[in-house]
Every structure is written in C-alpha cells, then in structure tokens.
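Structural description and commentary
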Amino acid sequence: MRRGLHRSWTFSAMVAMIAGCVDGANPLEFDGPSPGAAGRLTVALNQAPLPALAFEARLYRKLPADPQARPYYQSPCSPLGTGFSINHVEERKGYVLVLDAYSSGDCSASTRVARGLRGDIEVLAEGTGKAIYFVQLNGIGQVTEMPLPPASLLDSGVSCTADVDCQGLEDCLDESRTDCFQEACLPTEECQGGLKWVRFRVHPAARCIEGTCRLETLYPLNGRWPRAFHVAAATPDGSVRVFGGFQVATGATLNTSPRALSETFDSGRFLFDEQDLGATLGQASAAMATATTSNGRLVTFGGTSVLGNVNRGNVAVPDFRSETCVGAACAVTTSNEAYAVDLATGTITRSVLEFQGAGGVAIGIPGPGALVRPGVLAGEGNRQGVGRGAWRCLLAEDDTISCLEFPGSENAVARLSSTIACLDGTRKACNDVVVLGGNVRTAPVGELYRVAENRFVNLTSVGSVPETLDGAVAVEAGGQIWTFGGRTSDAIDAPPYAFNVDPGQGTLTAQAAGLPEPDLAALRRVGHQATPLGDGKRVLISGGVGPDGKIRDDAVLVEANAGTLGVVARIPMAPRAFHQAVVIEGGLFDRAVLISGGLKALQGTDRFAGGAALYLP
Amino acid sequence: MNGRLIAAGVAAMAWVLLLTPEPASAQGAGGRPRVLPLRVTSNQVSGTQLQALTESVLGKVRKYPVEVLTPPAEDPVDLMVDAECTDFDAECLSRIGQGRNADLLLYAEVGKKGDRFLIQVRLVELKTRQMKASEGDTDSEEGLAKALERSLEAVLGPEPSAEPEPVRVEVASTPPGAEVYLDQDFKGLSPVTLMVLPGSYSLRLAKVGYREVTQRLTVEARKAGNVVVPLEAVPAVPLEMPASAPKQEKTSEVTPFYQTWWFWTVVGAVVVGGATTAGVLLSKDQAKTGSAGFSSDPRLAPKDVTLYPR
C-alpha cells in the first residue's frame with residue numbers, strides 16, 4: 001500500500017508540499033497515561049477561524065456527569081500549533097476526547113474560545129486498523145454548523161439504478177489517484193500479491209436517488225432528516241430529542257413524512273442517534289403545541305400533516321389561514337392526539353383529546369400538566385376556524401393526558417399565532433399563564449390564566465400596548481416578559497416589547513425596547529426562535545423570516561435588565577426559519593443551544609435547512 | 001464499629017477499626033472487618049507495574065486480621081465517574097464502596113512531582129465516612145512497592161507481628177500439565193503444591209488446547225486443602241500469525257486503505273489544500289499502528305469512520 005504511493009510522483013510532490021507548509025511547526029507529542037499501552041491518538045487542529053493561542057486536551061474513558069471530574073488523561077496547556085499526539089493510550093472503545101482552545105497562553109478559564117468533543121472513539125489493538133474521527137470545534141459566542149456533505153457528493157452526477165452502484169468498489173485504472181486504495185482480491189480473481197487497486201464509485205454511504213448517486217447526509221455526525229415546524233426538547237442527561245415536523249416540500253405545501261423517526265443529539269458524544277417511532281406518532285406531527293412538564297415529560301397537542309403559504313404584506317410564509325373554512329377548503333388536516341414523551345427514556349404515550357387542532361401554544365402547569373391554547377380548531381360540520389379558549393390538561397401516572405376546558409376561557413377572543421409566557425413560576429410549572437397577541441385586532445392583546453384559582457382574565461391594555469402582535473415569541477428575561485419579533489400590521493415590523501401584567505387589576509402594559517434602528521431592524525422577524533440561555537437575562541433570537549421575505553442568516557444575542565434591552569452580539573448562522581433552538585441541560589455543553597432543522601427557502605423543492613448547528617454561549 | 005475507640009481520634013482510626021471487630025453478623029468471616037482495596041491508580045507507571053503494585057497492596061493487607069475483598073476490575077477513576085464525584089475524598093470513596101459488602105475501602109494512588117514519585121493512601125470507614133490518609137514518596141520506580149507498604153502501614157498500623165502461617169494447598173488438573181497461576185503469579189505446572197497465607201485468591205489454570213479456567217480460592221487458617229480442576233478441551237483452530245511476523249505488513253494487507261486515517265488526511269489535505277492537517281498526521285510514524293486520527297476540519301467530515309462500513 002505505502003509502496004504503491006511512494007512509487008508515484010504525485011505522492012512525492014504532495015509530501016513535499018505538506019512538508020514545506022508545516023516547516024517549523026512540529027506537532028506536539030504527549031506521554032499518555034498508560035506507559036505500556038500501544039494506543040496513540042493523533043489530533044490535527046484547524047484553528048484558522050479561532051483567535052486561539054493555546055489548548056488543553058482531555059481524554060475520558062467515559063464522560064462524567066460532572067465537567068470537573070478527573071479525566072483519564074489531561075494534556076498540559078500547550079501552544080496551539082498544527083496538532084498533537086497522545087502516546088501510550090489503552091486500547092479500548094468509548095473514549096471521549098475534549099478539546100478546549102484558549103486565547104491566552106496559560107489556558108485560564110476566562111479565555112476559553114472554543115470547545116470540541118467527540119465520543120465513541122475506539123483505540124484499537126496494535127495491528128488491527130486505524131480510523132479518522134471528526135471533532136467539531138465550537139467557537140464560544142458563535143453558531144457552528146455541523147458538517148453537511150460537500151456539493152460534489154450531494155449530487156455526484158454519477159448515474160445509478162441501485163445503491164450498490166454508488167457504494168460499490170470499482171477497479172482503479174490509475175493507481176496514483178488519491179482515492180484509490182488496495183483491497184484483497186476475491187479467491188476467484190487473479191491478481192499480484194492477492195491485492196488490487198480499487199476505489200468507491202462515489203462514497204460508501206451514498207445512495208441512488210432519482211438515478212443519481214447522492215450522499216445526502218453525514219449522519220451520525222449530523223441529523224439525517226429534514227424538518228420544520230418540528231419539536232425539540234432537552235433531556236436530563238445533556239441530550240436533545242428531535243422529532244415530528246414537516247419533512248417534504250410538495251408544490252406549494254409542506255408535508256409530513258409517513259415514517260415517524262425521532263433523532264437524539266447526544267452532546268456527550270457529539271453524535272446523533274435515531275429511533276423509529278413506527279406508528280406510535282401520528283402523521284399530523286407538525287405544528288404541534290408543546291410544553292415540558294415538571295415531571296420530565298414533553299407533551300404535545302394536536303398538529304397537522306400539511307401546511308401552505310399565506311401571503312401577508314407581500315411576504316408569503318407557511319401559516320394557517322385565519323378564515324373559517326369547511327371540509328376540503330380547509331387544506332389542513334388537524335389532529336386530536338396528544339403525546340407524552342418521557343424525556344429520560346424516550347417512551348411515548350398517546351392520548352386522544354376532546355378537541356382537534358393545530359398551531360397552538362402550551363406551557364407546563366402544576367399537576368403536572370399543561371395549559372393549551374389551540375390555534376386552528378376543528379368544529380362541528382367539518383368546519384375549521386381559529387380557536388378561542390384554552391384547556392387544562394393533566395398527566396396521569398401512566399402518562400395518559402386528559403383535558404378540561406379552562407373555566408371562563410370561552411370568553412377569550414380567537415387567536416392564531418399567539419405566544420405564551422409565565423408570569424409566576426417556571427415554564428414547567430407555571431401558576432399565572434399569559435397568552436399574548438395573535439391575529440386579533442383591537443381586542444384584548446393579552447389574557448391571563450390563574451391556574452391555582454381556575455380563573456381566566458381578559459387583560460385590559462393600558463398605555464402603549466400594540467393593538468396587534470402577531471407571530472411574536474414571548475420569553476421571561478430580566479424579571480419580566482419580553483416578546484421578540486412579529487407583526488403589528490401586515491408588515492414584519494414589531495420591536496421587542498417588555499410586558500408587565502398586574503394580575504390583581506387585570507391590566508397589561510407594554511414598553512417597546514429603546515434600541516438603535518440597526519438593532520431594531522435586526523430583530524424584526526417571524527418564524528424565529530427566542531431561546532433564554534438560562535442565566536435569567538440573555539436570550540438568543542435565531543433565524544426567522546425578515547421584513548424583506550428572506551430567511552435570516554443570523555442570530556441576535558440580547559440581554560434584558562430591569563426593563564431595558566441591549567443587543568450583545570449579532571452572530572452569523574446558516575439561514576433557518578421555523579426551526580427549533582433548545583438549550584442543552586447538563587454535560588460539557590451545558591447551556592449551549594442546539595439549533596435544528598427549519599426552512600432555508602420559502603419556495604421550491606429544496607426548502608429544508610440541513611442538519612443542526614450549535615451555539616456555544 | 002466500636003464508638004468508644006473511634007472517639008479516641010481519627011489519627012488512630014484505621015488501626016482501631018481493624019482491631020475492634022463488630023459482631024460477626026455485620027462483618028466478614030470470623031468477625032473480621034471486610035476491606036475492599038481498589039486497584040492502585042496512576043498515570044505515571046505502566047499497566048504491568050500498576051498490577052504489581054495492586055498485588056503488593058493485597059499482599060500487605062492480607063497480613064492484617066481482616067477479610068480482603070477482591071478489588072473491582074474497573075480503574076478507580078472510572079468508579080469515581082460512576083459515583084458522580086470529582087475527587088477521591090471521603091465522600092466519594094464512601095459512595096464507591098456502597099453496596100459492595102465492605103466495611104472499609106482502601107485507595108492508593110501513585111503520582112509524580114518533579115523526579116519523585118508521590119504516594120497517597122486513603123482508608124475510609126464506609127459506615128461513618130471517616131477517613132485516614134497518608135502520603136509517602138520515593139525517587140525511583142523500583143522503590144514504589146516499599147514506599148507503598150510504608151504508606152499503607154501509616155493508615156493500617158504496624159504489620160501484626162504474628163504472621164499467619166502458610167497453608168498447604170494441592171492444585172491438580174485433569175489432564176495434568178496446566179500452568180497454575182495464583183493472583184497472576186505463575187506457580188508451576190499442575191499438580192503443584194502451594195504454601196499460601198489465609199485469604200482469598202484468584203486461581204487460574206491454562207493449558208494449550210483446553211479452555212482456561214479461573215476460579216476463586218479461599219484459604220482458611222490451618223486448613224490444608226486439595227483442588228482438582230477439570231479442563232475442557234477446545235476444538236483445534238487455525239494458528240494465528242506467528243508473533244514474530246511483522247505486524248505492520250499484516251495490517252497493511254488486511255486493513256482497507258480507506259479506513260486508515262492518514263490516508264484520508266492526505267486525500268483531504270490535497271483536495272482542500274489543508275496542508276497543515278496532513279503535516280501533523282504525517283509527520284510522526286505515519287503508518288503507526290494502534291492509532292486513531294482526528295481532524296477538526298469540517299471538510300474532512302465525510303471521511304469520518306462512522307460513515308464507513310465496519
């Protein structure tokens with residue numbers, strides 16, 4: 001094998017080029033923890049985008065729950081050169097490598113600029129083979145996209161009739177090609193030394209799709225399935241479960257897939273796993289109202305299997321129609337199913353609801369349970385319209401869900417594209433639930449659900465509360481409720497608002513954020529995510545559709561303090577709208593945000609944003 | 001434990017513990033405290049040396065009037081991780097010892113500062129979580145076993161002067177001629193007569209063409225015994241590559257080229273111009289066996305091992 005390469009002038013030239021480039025930058029060699037062991041890890045660093053001077057590497061035999069736990073091996077703080085090797089590593093499976101990069105030469109914690117992690121590493125016994133592992137370096141304060149196949153493999157241009165045409169091997173006529181390697185000959189073949197030069201026709205994971213070899217995914221390094229309007233939730237062990245959503249773009253509509261596949265991002269390995277939910281999850285698995293409960297269940301309500309674009313203010317985005325429709329004219333099939341997902345085990349329990357709808361909002365309440373405010377609702381006579389009122393839904397011990405109409409909420413106005421927040425408590429067990437906005441005009445913008453008292457209040461707007469706030473996202477930050485994005489008219493024009501609710505008086509006041517125009521412009525969006533980062537102040541506003549109808553390719557980090565809002569940073573990312581952005585809970589990426597799925601375009605067949613990205617705060 | 005004696009002070013705790021047995025129902029055979037030694041842990045000495053040091057600890061502790069339990073197979077660092085703690089303090093060691101039917105847990109670690117080896121020994125009473133610790137040092141790897149013994153004596157107390165008498169144990173096998181190992185020490189070919197101190201040992205018999213047998217041998221004071229181990233023949237299998245064969249050549253013939261990290265690095269580097277990456281991976285032992293290569297360059301992600309058939 002090596003003999004063949006050395007024989008070729010191409011390889012000689014390649015080595016010379018490499019040697020010239022790395023002159024004076026010798027990689028580091030570390031003595032590993034097990035002097036008698038033959039295993040060796042070699043890490044090449046690609047530090048170009050990072051302002052890093054030094055690094056530390058830690059090797060775990062299994063990832064600890066506590067980030068401060070002692071690793072199997074920890075390198076000294078070392079200058080960030082071209083890479084390093086750790087010699088004398090025990091041969092075994094399941095290692096986790098953590099790389100931290102620092103902007104100071106002493107690796108002080110406050111100067112950490114990046115972290116990478118890769119698990120499932122197998123250090124093999126001597127003489128049994130070798131492998132390359134990709135370890136993603138995530139810059140702090142940056143959104144780092146997980147890898148996607150290069151264009152040359154996404155559409156190889158190689159014709160095929162079956163997968164084997166793409167994955168199989170073919171003889172190398174020119175063995176000096178860099179993608180040629182030697183493979184043992186079949187017993188029936190005659191070849192010199194029992195070896196022959198071969199190469200993959202395209203890639204061992206490529207598939208034949210519509211007559212062309214394509215490598216559509218780098219799963220498990222990234223999520224496999226396209227998704228938008230899906231669900232994502234953090235598990236207690238540092239993972240994020242992702243499921244449901246639209247997966248197919250057909251003509252003017254988005255559709256779900258017949259296969260219900262759930263994916264889990266494991267931040268302790270930095271890899272995805274997938275689970276086939278089979279028939280467990282119904283087909284109407286997009287645009288579900290979701291909440292997390294205090295007993296660790298993700299609960300979903302309703303959903304749809306199809307959604308088209310709605311044009312407002314010359315911007316067409318996927319949305320529900322607010323007009324009442326009958327039968328086929330509705331073009332949306334809603335669901336009367338609810339699911340409780342045990343986030344620790346992944347077990348899913350299905351229940352049938354008293355109501356049928358999609359596109360609503362929900363929040364966890366004591367019980368444990370959730371308060372659900374549907375968007376569109378199916379009614380008598382095959383009619384469908386915008387929902388009014390809310391349901392109090394409780395989880396039984398067997399995780400089945402039963403719902404009752406929240407008393408007095410029949411007096412609420414019909415709301416679609418509203419948002420939900422918690423005034424008192426947490427989003428997993430909220431006592432005073434506030435629902436804001438939606439496609440209502442000159443009506444109460446806010447409503448309050450006092451869960452303990454079973455009391456519904458239409459809030460009276462006082463002062464400069466906008467008459468309409470459609471498509472905004474509400475979060476709790478800086479001690480009050482903030483909304484980000486949305487429309488106050490047909491345009492995508494809403495500034496961030498700080499809302500105050502007086503439960504006793506039943507009043508609602510709002511104050512638009514006093515930000516410079518460039519910051520306000522950056523925050524105008526719908527179909528975005530507003531993700532509180534867990535410190536009570538900072539919120540990451542990611543993706544969405546901007547006022548110009550284009551999908552935004554940035555995130556804005558804001559910090560809320562006592563009624564004021566400041567923009568901390570604008571962060572580039574891949575275009576995503578109607579995606580999910582979920583804070584990871586625990587592990588070495590505690591409080592990082594997994595941004596998954598979404599749309600990268602609002603028209604055409606190639607609409608889905610691939611894979612996921614990680615924001616490291 | 002005897003509360004009155006423990007009250008005498010933590011400094012004397014360990015030795016007091018060992019000499020003041022509770023009723024037999026709560027402790028090991030003969031009312032002796034059950035001591036669970038962990039494997040000696042270190043990042044500074046070889047695995048072979050660590051095994052030898054662990055044996056040394058076991059040998060030392062067996063000289064005390066205690067029941068010595070078999071150390072867990074896992075490295076103490078793994079046990080620490082499982083116990084969700086970050087250092088080997090009393091709390092953590094107590095957690096590690098929970099549910100292992102032990103009264104005392106013994107931890108030993110070899111570190112290094114400058115040119116000197118540092119030894120830390122900790123003994124924790126699991127019931128009260130009281131800990132006694134000692135430190136020692138030596139300037140040579142050869143002196144580690146002795147230095148470790150001194151540190152053990154600092155927590156266990158002086159070695160009892162009345163040495164228990166070795167007990168005669170006959171080990172035979174059917175067929176005879178098997179290699180006999182006692183706690184990894186080769187003792188001869190069966191049948192063999194062993195003179196061993198009371199305690200619990202791992203007895204292993206190995207013979208070419210027969211399945212290896214490992215079993216526990218418990219030796220009680222003044223009770224001689226016989227052990228006969230039947231060996232089960234295994235079907236003949238093709239011989240492996242002789243040990244003297246050049247392993248690298250073997251590897252390069254059987255390992256598909258596309259699975260080698262340095263191959264992909266070269267390809268990736270040329271394709272994307274990432275010469276730095278390739279430089280690192282090629283610069284040392286480019287075809288060294290037993291290696292795993294990493295790259296942080298997303299352009300090399302399609303070469304990740306998970307995407308290839310195993």
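Quick notes on the rules
- Residues numbered from 1 in each chain as written.
- Chains lettered and ligands numbered in written order.
- Predicted model: local features only at pLDDT ≥ 70, side-chain atom pairs only at ≥ 80, totals over all residues.
- Heavy atoms only, no water.
- Disulfide = S-S within 2.5 Å.
- Helix = DSSP H or I, 4+ residues; strand = E, 2+ residues; numbered from the N terminus.
- Buried < 20%, exposed > 50% of the residue type's maximum accessible area, 1.4 Å probe, protein only.
- Phe/Tyr/Trp six-rings, centres within 6.5 Å; stacked < 30°, edge-to-face > 60°.
- Pairing = 2+ DSSP bridges.
- Axes fitted to C-alpha atoms, helices over the stretch in contact; angles between N-to-C directions.

1. What about the state of the cysteines?
Residues and elements named next belong to chain A. Throughout the structure, instances matching the rule amount to 7 disulfides over all chains. One disulfide in the model links Cys-393 with Cys-403; its S-S distance is 2.1 Å. Here the disulfide of Cys-393 and Cys-403 is right-handed, its torsion about the S-S bond being about 110°. Of this pair, Cys-393 sits in strand β34 (residues 391-395) while Cys-403 sits in strand β35 (residues 401-405); the two residues are 10 residues apart in sequence, bridging distant segments of the chain. Judged on exposure class, the residue Cys-393 and its partner Cys-403 are both buried. Note on cysteine connectivity: Cys-422 is disulfide-linked to Cys-430, with sulfurs 2.1 Å apart. Judged by the sign of its S-S torsion, about 100°, the cystine formed by Cys-422 and Cys-430 is right-handed. With relative accessibility at 0%, the residue Cys-430 sits in the buried group.

2. Some details on the packing of aromatic side chains
Tallied over the entire structure, the rule returns 13 aromatic pairs over all chains. On the basis of an interplanar angle of 15° and a centroid distance of 4.6 Å, the ring pair of Phe229(A) and Phe578(A) is categorised as stacked. With Phe229(A) in the loop between β16 (212-214) and β17 (231-234) and Phe578(A) in the loop between β48 (564-572) and β49 (580-583), the pair connects residues that are 349 residues apart, well separated along the chain. Across the pair, Phe578(A) and Phe229(A) agree in class, each one buried. With a centroid separation of 4.2 Å and 20° between ring planes, the pair formed by Phe88(B) and Tyr107(B) is classed as stacked. Of this pair, Phe88(B) sits in the loop between α4 (76-82) and α5 (90-97) while Tyr107(B) sits in strand β4 (residues 104-113), and the two are 19 residues apart along the sequence. Tyr107(B) sits in the buried class, given a relative accessible area of 0%. Within the aromatic cluster, the residues linked to one another by ring pairs are Phe265(A), Phe270(A), Phe272(A) and Phe589(A).

3. So, the sheet that holds strand β37 (residues 429-436) of chain A
Residues and elements named next belong to chain A. Strand order in the open sheet formed by 4 strands is β36-β37-β38-β39, and the pairing between neighbours is antiparallel. The outermost strands of the open sheet, each flanked by one partner alone, are β36 (419-426) and β39 (455-458). The average angle at which neighbouring strand axes cross in this sheet is 20°, direction not considered. As judged from the 4 bridges shared by strand β38 (residues 446-450) and β39, these two strands associate in the antiparallel manner. Residue pairing for β39: Tyr-449 is matched across the bridge by Phe-456.

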